Amino acid sequence: MHAASAPSPTSTPSPTSMRHAPTSPTAPEPGHGRPAALLTLLGSGLSNQTGAAIGSLAFPVLGPLGVVAVRQYVAALALLAVARPPLRSFTGHQWWPVLLLALVFGTMNLSLYTAIDRIGLGLAVTLEFLGPLAIALSAARRRIDACCALVAAAGVVTLMRPQPSADYLGMGLGLLAAVCWASYILLNRTVGRRVPGAQGSAAAAAVSALMFLPVGVVLALRNPPTPTALGYAVAAGVLASAVPYLADMFTLRRVPAAAFGLFMSVNPVLAGLVGWVVLGQNLGWVEWAAVGAVVAANTLSVLTSVPRSRR
């Protein structure tokens with residue numbers, strides 16, 4: 001989770017920005033530090049996908065559940081250190097969306113990492129990316145957005161086409177992650193209205209970590225993790241949680257919505273490349289074409305929905 005309430009529906013949130021919901025960003029500072037911000041944004045996406053790939057290296061020892069548990073702990077520590085939420089002063093009106101956000105956050109990461117274990121990083125992240133894309137397209141009423149939805153749907157149909165080796169459970173988990181991500185965006189808006197700054201996101205991360213604490217204890221007692229596997233899981237938490245959180249805190253105040261949405265569109269591509277380089281998960285040309293269709297749909301939607309003056 002990053003620290004900002006969800007961006008407007010016209011700017012598709014990123015795997016980084018919406019996993020750590022930062023506080024609502026102020027208006028971008030015109031031209032000030034923008035090149036550095038864009039480079040930081042690209043590095044944030046690369047860090048997020050590299051973290052997921054490194055975390056998957058611990059699957060043989062910890063399994064996706066154990067890796068996600070460690071990641072939740074790291075995310076909670078990072079957000080609590082930055083936001084320092086006054087948990088005792090939260091009212092019931094504030095707590096219920098925070099608790100729902102914690103549940104969705106944990107389910108989202110668990111379904112994504114399990115999907116990565118079954119179908120690979122590139123395909124899993126592409127399917128998950130449909131969540132924020134659906135939020136962005138559902139708020140629009142233009143013909144071009146309908147075309148974008150059709151292009152994205154064609155990409156998904158291609159990814160999920162029947163094959164002898166097709167893992168439909170893994171694909172289903174990727175789609176579950178997409179549903180959770182869309183729910184995460186909507187809940188973040190509610191939390192952002194009721195809890196100031198990043199305090200709501202930090203509280204949700206802490207609750208999610210507590211939910212996974214018994215899981216971590218049981219897994220550690222039944223199958224003590226090796227130092228290497230634990231290191232991979234911690235690295236995943238740092239690279240896919242802490243680093244993107246800090247990066248987006250920097251970039252959300254320096255780049256307009258269109259630039260943010262466009263740069264985040266490359267995350268499925270980055271996931272495919274990182275999966276190939278780090279994990280040896282090579283996508284075929286048909287899969288790359290499907291990934292490109294999903295990315296193109298988001299890019300076209302963002303470019304045509306943000307006024308030129310805001311780009």
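Refer to the structure above for everything that follows.
The text that follows walks through the structure, step by step, so that each part is easy to find. (Residues numbered from 1 in each chain as written. Predicted model: local features only at pLDDT ≥ 70, side-chain atom pairs only at ≥ 80, totals over all residues. Heavy atoms only, no water.)

1. Details of the pattern of salt bridges
To keep it simple, the criterion reads: The term salt bridge refers to a pairing of a side-chain nitrogen on Lys or Arg with a carboxyl oxygen on Asp or Glu at a separation within 4 Å. Secondary structure elements are taken from DSSP: a helix is a run of H or I of four residues or more, a strand is a run of E of two residues or more, and numbering for both begins at the N terminus. Exposure classes here rest on a 1.4 Å probe applied to the protein chains alone. A residue is buried below 20% of its type maximum, exposed above 50%, and partly exposed in between.
By the definition in use, this model includes one salt bridge. In this structure, the salt-bridge partner of Asp 167 is Arg 118, at a minimum N-O distance of 3.1 Å. In this pair, Asp 167 sits in the loop between α6 (143–159) and α7 (168–194) while Arg 118 sits in helix α3 (residues 92–119), placing the two residues 49 residues apart along the sequence. Residue Asp 167 is classed as buried on the basis of its relative accessible area of 18%.

2. Examining helix α4 (residues 121–128)
With eight of eight residues buried, α4 lies mostly within the body of the structure. Every buried residue of α4 is listed here: Leu 121, Gly 122, Leu 123, Ala 124, Val 125, Thr 126, Leu 127 and Glu 128.

3. Let's talk about unusual backbone geometry
Located in the positive-phi region is Arg 84, a residue other than glycine, with phi close to 50°. Locating Arg 84 in the fold gives a position in the loop between α2 (59–83) and α3.

4. Topic: a nonpolar patch on the surface
Quick reminder of the rule: Each patch groups residues whose relative accessible area exceeds 30% and which form no salt bridge, using 9 Å between like charges and 5 Å between nonpolar side chains of Val, Leu, Ile, Met, Phe, Trp and Tyr. Values of accessible area rely on a 1.4 Å probe in the Shrake-Rupley scheme; residue burial ignores everything except the protein chains shown.
There is a patch of nonpolar side chains on the surface, built from Leu 57, Tyr 232, Leu 273, Trp 276, Val 277 and Val 278 and spanning about 540 Å² of accessible area. Looking at the nonpolar patch, the element that brings in the most residues is helix α11 (residues 267–279), giving four residues. Assessed through its relative accessible area of 37%, Leu 273 is described here as partly exposed.

5. Considering the packing of helix α5 (residues 130–138) against α6
Defined as follows: Angles here are taken between N-to-C directions and fall from 0 to 180 degrees, while the axes themselves are lines fitted to C-alpha atoms, restricted in helices to the stretch in contact. Here the angle decides the label: under 35 degrees means roughly parallel, over 145 means roughly antiparallel, 65 to 115 means roughly perpendicular, and every other value means oblique. Crossing handedness is read from the near helix: turned anticlockwise from the far helix by less than a right angle, it gives a left-handed crossing, and turned clockwise, a right-handed one. By definition in these notes, contact holds between two residues if any of their heavy atoms fall within 4.5 Å. Charged residues are taken to be Asp, Glu, Lys and Arg, nonpolar residues to be Ala, Val, Leu, Ile, Met, Phe, Trp, Tyr, Cys and Pro, and polar residues to be all remaining types, Gly included.
Close contact between α5 and α6 brings their axes to 10 Å; oriented N to C, the two are set at 160°. The pairing of α5 with α6 is recorded here as roughly antiparallel in orientation. In this structure, α5 meets α6 at a crossing whose hand is left-handed. Facing Leu 130, Leu 133 and Leu 137 of α5, the residues of α6 in contact are Asp 145, Cys 148, Ala 149, Ala 152 and Val 156. Partitioning the contact of α5 with α6 into residue classes produces seven nonpolar, no polar and one charged.

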